[in-house]
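Residues per chain, in single letters:
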Number of protein chains: 2
Amino acid sequence: MSKRSSVTLKGLAQELGLSPSTVSRVLNDAAGEESRWASPETSRRILALAHEVGYAKNPYAASLRTARSRLIGVVVPRLQDYVLATIYEGIDEAAAEHGYVAVVANSLDNPDSHEARVRKLMDRRIDGLILGDTPFDGSTLTAIEGEGVPFVLVNRRSPGYPSVTCNDYLGGQLAGEHLAGLGMERIFLLAGKDRMSTSIDRTAGFTERLAEHGIHVPAEHIATGGFDAEAGEEATRRLLDTVGVPDALFAVNDFAAIGALGVLAERGLSVPDDVRIVGYNDTPLASGVGLTTVRSPMHQIGRQGLELLLERMDGKDVESRQLDPELVVRTSA
Amino acid sequence: MSKRSSVTLKGLAQELGLSPSTVSRVLNDAAGEESRWASPETSRRILALAHEVGYAKNPYAASLRTARSRLIGVVVPRLQDYVLATIYEGIDEAAAEHGYVAVVANSLDNPDSHEARVRKLMDRRIDGLILGDTPFDGSTLTAIEGEGVPFVLVNRRSPGYPSVTCNDYLGGQLAGEHLAGLGMERIFLLAGKDRMSTSIDRTAGFTERLAEHGIHVPAEHIATGGFDAEAGEEATRRLLDTVGVPDALFAVNDFAAIGALGVLAERGLSVPDDVRIVGYNDTPLASGVGLTTVRSPMHQIGRQGLELLLERMDGKDVESRQLDPELVVRTSA
DNA sequence: TCGATTGCCACAAACGTTTGTGTAAAGTGA
DNA sequence: TCACTTTACACAAACGTTTGTGGCAATCGA
């Protein structure tokens, strides 16, 4: 396994008494030994030697020549977030299957940081870009459009751009239906960041479905903020302090729901007896704490995001995809 | 912002009436306008035009020439794991500061997958490698050594290799001391994966400190398994079923601790009244559920890991670093 | 039988940098 | 003043691929 990085195409060709061009064509032909670029015998010799010495093509030379990097960039708010990490895993997995490698960057949902990260990826000459941090209004997208790099959105959608997301409106409806079915009336809603489609759609689906059951969620019962446990705690505390104890609470994110769980326990309120809770995403911890939640196909969102991007890179025009979530009922509601 | 990818060094030079060599030297000189490669006036013109047209060097041409990619590879068991995601954030952040970009891959703690991922990174001609998935016996390292790519370990150590880790032995001691101080005697230990230094060291520190207090943790009170919530649940259930209810439980990972929390609740056991629990890492959820835990400097481990790698890449010989954890006491113990 | 096709391969240019070397002009010291 | 160093650049080769073009022999069709 010695320094295979030092053996070049030219070296191989010399060793074989062939020209680099022939070796290159055979090695790049998916047909392998049946390559139409050389005789079967020659093809076999090329493949054999390449394998024997562990030849690995220099991707920089290739990219320089072809002007394609086989790199795809991914930007997410934070990799620490289980949801995005899982989506990224899906992207990475699918990218590998297609011979691409994914490079990821955190934008922290901060426009300046986003801009800097995207620029850095562009400088690396990525062939395509997957954005996981786009607000509903698409405001971070204008600069990217001019660059000529194909991109798609994942997790969060923005009208007019191709994206693959969970059908969050449906997810919200599922949660609403469940709580309505349980006879809940006074309901809190931890709505997450109000500029993101995940929040907007889940909230809309939830409240509208409840409305169909004659249940109204007043504005003072809705708290916006973040998607993490801390934000969930804060929001719950605030709601509890200002409007008292509800029948139930829907958090558009499991982590926020778990934060709420903690605060409720701290106040001596029992779940589900005093308050019922439903979360969103079905992260592993949800099952640990018995949280009823809406399962979103995170891994699939990533995989399909990559595939959608590939199609766009092929010049096809594509349309957005919405993947259906399902409700998983546990002990919290 | 139009297609800055199309403006080349040669183009710049032509525009300026200079040779590409001069432009290249000035642009690469950290001294900026005071570059010793051209007159101040010329330097200024170069920088100005480069900025104006948004010139971005083609990294492939540069890498081809220099045989350095300014890419560093990172392999972790799973990015879904909050701990590793945070370490990676630290690596990524530090890498960016030093002009490198980090590329991450998941090995899933599977040797075959590990091998494949490392190879793929090597094929990309990374300048250095950071491994976050190395077992204590270093068995995954042998193939890498021959490749001539400098590497360091993070999070998990292995004797004889440079690494930056949490001082896990100390962390175990902290937990042991705390529980001993509380008068606990019958203690369960969720030890994680038994081939990893994180498990080994935390377990050793914990049991040895308890031993100093005259407390013995018998083998039947120790469960090995994984680091996640599910593994924590399983292990706890098993221990509860076979040896009854303990005074306290130490999990070498917060997620396992949270899993334990769930099972205890499910059995009607109260925390901390019936059973006290301490976890490890201080992940955000820990504060949400009031978990007493050992805080490990994850982000710092990542940052210092990158810096250690840089030193190794400089040819210096380096020694491993251990960062001190601290106990954070909440309501669970 | 002859012209056309096909199979198999080599030549050489190009991708955009970096860097060793060369060279005039300007500056320096004695 | 002269020998010298320094300043400020230019020239050109090289990094390792990919790919358009071209050529020669064998095969084919009629």
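- By the naming in an unreviewed UniProt entry, chain A is LacI family transcriptional regulator, taken from Citricoccus zhacaiensis.

**What about the protein's contact with DNA strand C?**
Okay, step 1: Residues in close proximity to DNA strand C total 26 residues, the closest being Ser39 of chain A together with Leu9, Ser24, Arg25 and Arg65 of chain B.
Okay, step 2: Of all atoms in DNA strand C that approach within 4 Å of the protein, 57% are sugar or phosphate atoms.
Okay, step 3: Residue Ser39 of chain A places a main-chain N or O atom 2.6 Å away from a phosphate oxygen belonging to DNA strand C.
Okay, step 4: Within the side chain of Tyr55 of chain B, an N or O atom sits 2.7 Å from a phosphate oxygen of DNA strand C.

**Structural notes on the protein's contact with DNA strand D**
Okay, step 1: Leu9, Ser24, Arg25 and Arg65 of chain A together with Ser39 of chain B are the nearest of the 25 residues found near DNA strand D.
Okay, step 2: Close to the protein, within 4 Å, the atoms of DNA strand D belong to sugar or phosphate groups at a rate of 59%.
Okay, step 3: Contact between DNA strand D and Gly17 of chain B: a phosphate oxygen at 3.3 Å from a main-chain N or O atom of the residue.
Okay, step 4: Ser19 of chain B is positioned with one of its backbone polar atoms (N or O) 2.6 Å from a phosphate oxygen of DNA strand D.
Okay, step 5: Where the surface near DNA strand D is concerned, the elements lending two or more residues are α1 (9-16), α2 (20-28) and α4 (59-66) of chain A together with α2 (20-28) and α4 (59-66) of chain B.
Okay, step 6: Its residues placed into classes, the surface near DNA strand D shows 7 nonpolar, 12 polar and 6 charged.

**Some points on the pattern of salt bridges**
All names here are of chain A.
Okay, step 1: The tally for this structure, following the rule as stated, stands at 40 salt bridges over all chains.
Okay, step 2: Asp137 is paired through a salt bridge with Arg195; the nearest N and O atoms lie 3.4 Å apart. Of the two residues, Asp137 is situated in the loop between β3 (128-131) and α7 (142-145) and Arg195 in the loop between β6 (187-192) and α9 (197-212); the sequence distance between them amounts to 58 residues.
Okay, step 3: With relative accessibility at 43%, the residue Arg195 sits in the partly exposed group.
Okay, step 4: For the salt bridge of Glu311 with Arg321, the shortest nitrogen-to-oxygen distance reads 3.1 Å. Remark: Arg321 occurs in strand β11 (residues 321-323) and Glu311 occurs in helix α13 (residues 298-313); sequence separation between them is 10 residues.
Okay, step 5: Residue Glu311 is classed as partly exposed on the basis of its relative accessible area of 27%.
Okay, step 6: Owing to a relative accessible area of 22%, Arg321 belongs among the partly exposed residues under this scheme.
Okay, step 7: Here the residues in one salt-bridge network are Glu93, Glu97, Arg303 and Glu307, joined through shared partners.

**Quick word on the sheet that holds strand β3 (residues 128-131) of chain B**
All names here are of chain B.
Okay, step 1: Judged by pairing direction, the sheet is parallel, and its 6 strands sit side by side in the order β2-β1-β3-β4-β5-β11 without closing on themselves. The strands lining the two open edges of the sheet, one partner per strand, are β2 (101-106) and β11 (321-323). Strand-to-strand twist in this sheet, taken as the mean axis angle between neighbours without regard to direction, amounts to 20°.
Okay, step 2: The sheet contact formed by β3 and strand β4 (residues 151-154) spans 3 bridges and is parallel. In the strand pairing of β4, Leu131 is matched with Leu153.
Okay, step 3: Lying over the sheet, helix α13 (residues 298-313) contacts β1 (71-76), β3, β4, β5 (163-166) and β11, oriented at roughly 160° with respect to β4.

**Side note on the packing of helix α10 (residues 229-243) of chain A against helix α11 (residues 254-266) of chain A**
Angle between the axes and distance between the axes: these two values describe a pair of packed helices.
Residues and elements named next belong to chain A.
Okay, step 1: For the pair α10 and α11, interaxial distance at closest approach is 7 Å and the crossing angle is 45°. The pairing of α10 with α11 is recorded here as oblique in orientation. Handedness of the α10/α11 crossing: right-handed. Only Phe255, Ala256, Gly259, Ala260, Val263, Leu264 and Glu266 of α11 make contact with α10, whose side of the interface consists of Ala229, Gly232, Glu233, Thr236, Arg237 and Leu240.
Okay, step 2: Considering only residue class, the contact of α10 with α11 consists of 7 nonpolar, 3 polar and 3 charged.

**Structural notes on the relation of the copies chain B and chain A**
Okay, step 1: Of the two same-sequence chains, chain B is brought onto chain A (RMSD 0.1 Å, axial shift 0.0 Å) by a rotation of 180°. Given the turn and translation reported, the copies of this chain are related as if by a two-fold rotation axis. By C-alpha distance to the rotation axis, the residue of chain B lying nearest is Tyr60 of chain B, at 2.3 Å.
Okay, step 2: When the interface residues of chain B are mapped onto chain A, 100% of them are again interface residues, pointing to one common binding face.

**Considerations on the environment of Glu212 of chain B**
Residue and element names in this part refer to chain B.
Okay, step 1: You can see Glu212 is positioned in helix α9 (residues 197-212).
Okay, step 2: The exposure class assigned to Glu212 is exposed, which follows from its relative accessible area of 55%.
Okay, step 3: For the pair Glu212 and Glu177, spaced 35 residues apart in sequence, the C-alpha separation works out to 9.3 Å.

Cut-off values and rules
- Residues numbered from 1 in each chain as written.
- Chains lettered and ligands numbered in written order.
- Predicted model: local features only at pLDDT ≥ 70, side-chain atom pairs only at ≥ 80, totals over all residues.
- Heavy atoms only, no water.
- Near = heavy atom within 4 Å.
- Polar contact = N/O pair within 3.5 Å; in protein donor to acceptor, adjacent residues only side chain to side chain.
- Helix = DSSP H or I, 4+ residues; strand = E, 2+ residues; numbered from the N terminus.
- Nonpolar A, V, L, I, M, F, W, Y, C, P; charged D, E, K, R; others polar.
- Salt bridge = Lys/Arg side-chain N within 4 Å of Asp/Glu carboxyl O.
- Buried < 20%, exposed > 50% of the residue type's maximum accessible area, 1.4 Å probe, protein only.
- Pairing = 2+ DSSP bridges.
- Axes fitted to C-alpha atoms, helices over the stretch in contact; angles between N-to-C directions.
- Contact = heavy atoms within 4.5 Å.
- Parallel < 35°, antiparallel > 145°, perpendicular 65-115°, else oblique.
- Left-handed = near helix turned anticlockwise from the far one by under 90°.
- Least-squares fit on C-alpha atoms with pLDDT ≥ 70 in both.

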